[in-house]
Amino acid sequence: MGEREVLHIRGRVLTGPDDGDVRDELWVVGGRVTYDRPTGTHEVVTVDGWVLPGLVDAHCHVGLGHHGAVDAATSEKQALTDRDAGTLLLRDAGSPSDTRWVDDRDDLPRIIRAGRHIARTRRYIRNFAWEIEPEDLVAYVRQEARRGDGWVKLVGDWIDREAGDLTACWPRGAVEAAIAAAHEEGARVTAHCFAEDSLPDLVEAGIDCIEHATGLTDATIPLFADRGVAIVPTLVNIATFPQLAAPADAKFPRWADHMRRLHARRYDTVRSAYDAGIPVFAGTDAGGALAHGLIPDEVAELVRAGLPPTAALSAATWGAREWLGRPSLAEGASADLLVLPSDPREDVRVLAAPRRVVLRGRVVG
C-alpha cells in the first residue's frame, strides 16, 4: 500500500473468542488498526472476508537447521515461510544464531526470543545448545535471560545413554535456583520435556511453561493446573516419534518403546490438560528437522485432540498473543492480520488458505 492508501476490510472481524467479539469492518491507516472511518482523501483498497489476528507459532526456531546454526539467507527463508502462512508472531524457543537483524525488517514476522537452549553436557542435539553442568546453570540462565526477549529455554529431559531411556537432566536444587534467577532478570522459563519424571520438580520450582509435555499424567495434570503452568504440545512434531523410535529398537529399546507410548496417548494427554484448565498454546517446533509454516496444521491437530475449534484458534491467535504480551486487533494496534474466505470457527482448515496476509499494514500475501 502506498503512503495515502487505506485498507478497508469488510466482513466479520473476529477480535476475540467470544460471540460478542465480532465487528463488521476495520480500517488500516498508517499501518495501524482503526474502527473509525478515516476522513480526508485516500485511495481505498477494499478486501472482504473473515479476519483473524496474525497467527502465532509459540514454539519455533529461526536460525536453526539440522546441524545447528544456519546463515542469514536460510534464516530469512524460514521467517518468510512462516509469514506467507499467516504466522506473524514467533516465539523462538532457542536458537544458536543471532537473529536480531530480523527486527529491522518490516517484511518479516516479529520474534520473541528465548536466547539459546541450555542443556546438560552431552544430553541434547549437538551444536544446538549450551552444554553445561548444574553448577553453571544459574550463570547461563542469567546470560540467556539478558540476551532474550523475556524467555529462557532449558532442556528438561533427554535420552540418558547409560539408562537407555529418557531421564531428567537437572537436580531439583539447580532448577529452583535457575528459575528464581530468571524471574529476578524479568524472564519466564520454559523447558523441553518429553517424559514424566522431570515434570514435578520443574513445576514445583516455579517454571512458567513446558514444551511438548507428552509426559503429563493424572498425577501431574492437577499440579500444572494449580500452578497455571502452560503447555505448548507441538503435535506436528510429536507425530514424528514413531520414525525417531524405529532406528533405536536395537540399541535403546526402552527409549524407543517409551517414545511410541508417548506418541500413542498424545491426543488424550492434550485433551486432558485442556479439560483440567491448563493453558494450551500452538507451536510447531519448526527449525532443526521440521519445516516452518505449519501452524495451520498444528491448529487442526489441536482440534483432532479434542479442543473446541475456537479454543484451538485462540491457542494460535487471541490467547497466544495475550500470553506473550502482544496485542491482537485492538484499536491502534499494528495491523498484523489475515483475511480468510470463510469462518475459521466452523472449520479451522481454512487457515491453510488465507485470502490476504497483512503485516504492519502492508499486504504481503
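That block above? That's the structure.
Conventions used here
Residues numbered from 1 in each chain as written. Predicted model: local features only at pLDDT ≥ 70, side-chain atom pairs only at ≥ 80, totals over all residues. Heavy atoms only, no water. Pairing = 2+ DSSP bridges. Helix = DSSP H or I, 4+ residues; strand = E, 2+ residues; numbered from the N terminus. Axes fitted to C-alpha atoms, helices over the stretch in contact; angles between N-to-C directions. Phe/Tyr/Trp six-rings, centres within 6.5 Å; stacked < 30°, edge-to-face > 60°. Buried < 20%, exposed > 50% of the residue type's maximum accessible area, 1.4 Å probe, protein only. 1 Å grid on protein atoms, 1.4 Å probe; cavity = no way out; pocket = protein on both sides within 12 Å on 5 of 7 lines; lining within 4 Å. Points joined across faces, edges and corners; volume = space filled by probe spheres on them. Nonpolar A, V, L, I, M, F, W, Y, C, P; charged D, E, K, R; others polar. Salt bridge = Lys/Arg side-chain N within 4 Å of Asp/Glu carboxyl O.

**Re the sheet that holds strand E8 (residues 87-92)**
The parallel open sheet is built from 3 strands, whose spatial order is E5-E8-E9. Sheet topology places strand E5 (55-60) and strand E9 (110-113) at the edges, where each strand pairs with a single neighbour. Strand after strand, the sheet turns through a mean of 20° between neighbouring axes, direction not considered.

**Digging into the environment of Gly 215**
Counting through the fold element by element, Gly 215 comes out in the loop between strand E16 (209-212) and helix H5 (221-227). Counting along the chain gives 21 residues from Gly 215 to Phe 194, while the straight-line C-alpha distance between them is 5.6 Å.

**A word on the packing of aromatic side chains**
If you walk through the whole model with that rule in mind, you get 7 aromatic pairs. Where Tyr 124 meets Phe 128, the ring centres are 6.2 Å apart and the plane angle is 75°; that geometry is what we call edge-to-face. A relative accessible area of 13% means that Tyr 124 is categorised as buried. Members of the aromatic cluster, each reached through a chain of ring pairs, are Tyr 124, Phe 128, Trp 158, Phe 194 and Phe 241.

**Digging into empty space enclosed by the protein**
Tallied over the entire structure, the rule returns 1 cavity of 30 Å³ or more. As for the largest cavity, its lining consists of His 212, Ala 213, Thr 214, Ile 231, Pro 233, Leu 235, Arg 266, Thr 269 and Val 270. Sort the elements by how many residues they give to the lining of the largest cavity and helix H9 (residues 266-275) lands first, with 3 residues. A breakdown of the residues in the lining of the largest cavity according to their chemical character gives 5 nonpolar, 3 polar and 1 charged.

**Overview of the pattern of salt bridges**
Oppositely charged side chains can form a pair if their charged atoms are brought close together. Under the counting rule described, the total for this entry stands at 27 salt bridges. Of the charged contacts in the structure, one is a salt bridge between Glu 176 and Arg 172, with a shortest N-O distance of 2.7 Å. In this pair, Glu 176 and Arg 172 both sit in helix H3 (residues 172-184), 4 residues apart, roughly one turn of the helix. Glu 176 sits in the partly exposed class, given a relative accessible area of 35%. Between Asp 249 and Arg 260 there is a salt bridge, with the nearest N and O atoms lying 2.9 Å from each other. Of this pair, Asp 249 sits in the loop between helix H7 (241-245) and helix H8 (253-264) while Arg 260 sits in helix H8, and the two are 11 residues apart along the sequence. Given the relative accessible area of 36%, Asp 249 is considered partly exposed. Overall, Arg 260 belongs to the partly exposed group, its relative accessible area being 31%.

**As for the sheet that holds strand E4 (residues 43-53)**
Strands sit in the order E3-E2-E1-E4-E18-E19-E20 across an open sheet of 7 strands; the sheet is mixed. If you trace the sheet from one side to the other, it starts and ends with strand E3 (32-34) and strand E20 (362-363), each paired once. Direction of pairing for E4 relative to strand E18 (residues 337-340): antiparallel, over a ladder of 4 bridges. Along E18, the bridge assignment pairs Leu 52 with Leu 338.

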